[in-house]
Amino acid sequence: MRVVVALGFLLTAGAALAQSGVETVPVAPPASSTIIERAQPLGNSPNDLEVDEVTLAAVPALSTRLTGDTRRLQDLVAKRLREMAKSLNEAGIIPAGPAMAVFDQLANTSFSVEIMVPLSERPATIPQGLGLTTTPYGQAVRIIHHGDYDDIDATYDELSSFIEDRDIAIEDVVIERYMGEISVGGGAGTVEIIAMKR
């Protein structure tokens, strides 16, 4: 079986985030999907989850880079999401869509992720500790996970199988967009999993 590298390490990331209970993390409201320019159904995964081809637009975003020990990944990501939400609220900056985690490296002992919050325009001032960047753009495939974050690894399996069956070439970058609130370690939620195409 062909190994899909990007989804392989992100499947591990999904499982790692779900390993221990962490309180609900507030993120951007789900009202806007500014980075999704176009969505077209591609078909269904083996267990009948819909998979879309999407075109992502480049929009400005505030971001922060996070690296650390993979064993602490779930705690570190949750903490950073809370810190970003607080910083934006204090600065009066309104997100233009859901926060996202752009994973670009995950090994047994270390990980690297850029957490982004999309904006409709460049802010007058950038909160301390954050940088200004552009969201990933181009063609991608997307699957939507509904329900407990503890079960997200099964949704990764669905997307991985779909990509292998269709022989779709993807980059070693996978994005999670947190629609509404993410409950790490319990509770219901909605997460878009987006794999960038080559």
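These lines cover the structure that appears in this document, whether it is placed above or below. (Residues numbered from 1 in each chain as written. Predicted model: local features only at pLDDT ≥ 70, side-chain atom pairs only at ≥ 80, totals over all residues. Heavy atoms only, no water.)

Here we look at the pairing of strand β6 (residues 110–118)
Moving residue by residue along a regular strand, the side chains alternate between the two faces of the sheet. Just so we agree on the cut-off: Burial status follows relative accessibility: with a 1.4 Å probe on protein chains alone, a residue under 20% of its type maximum counts as buried, one over 50% as exposed, and anything between as partly exposed. Under the scheme used here, helices are H or I runs from DSSP no shorter than 4 residues and strands are E runs no shorter than 2 residues, and both carry numbers assigned from the N terminus. Strands qualify as paired when DSSP identifies two bridges or more between them.
With eight of nine residues buried, β6 is to be regarded as a mostly interior element. Strand direction decides the pairing type here: strand β4 (residues 60–69) and β6, joined by nine bridges, are antiparallel. Across the sheet, the residue bridging to Leu62 is Val117, located in β6. Summarising the sheet, strand β5 (residues 100–106) and β6 pair through six bridges and their orientation is antiparallel. Residue pairing for β6: Met100 is matched across the bridge by Met116. Adjacent in sequence and paired antiparallel, β5 and β6 are bridged by three residues.

Some details on helix α3 (residues 152–166)
Let me state the cut-off plainly: By this rule, a helix spans an expected 1.5 Å times one less than how many residues it contains.
Look at α3: 21 Å from first C-alpha to last across 15 residues, which is about the 21 Å you get at 1.5 Å a residue. Those residues of α3 that sit buried are Ile152, Thr155, Tyr156, Glu158, Leu159, Ser160, Phe162 and Ile163. Asp167 lies just past α3 and shows a positive phi near 55 degrees.

Some details on the environment of Gly131
With respect to the helices and strands, the residue Gly131 is situated in strand β7 (residues 131–134). Separated by 68 residues in the primary sequence, Gly131 and Ser63 have C-alpha atoms spaced 5.2 Å apart.

Focus: the environment of Gln139
For clarity, the threshold we go by: Polar contacts here mean pairs of N or O atoms no more than 3.5 Å apart (in protein, one a potential hydrogen donor and the other a potential acceptor; neighbouring residues in sequence count only if both atoms are side-chain atoms).
By the element assignment, Gln139 lies in strand β8 (residues 138–146). Here Gln139 falls in the partly exposed class, since its relative accessible area comes to 32%. For the pair Gln139 and Leu56, spaced 83 residues apart in sequence, the C-alpha to C-alpha distance is 6.4 Å. Reaching out from Gln139, the side chain makes a polar contact with the side chain of Thr55 at a distance of 3.0 Å.

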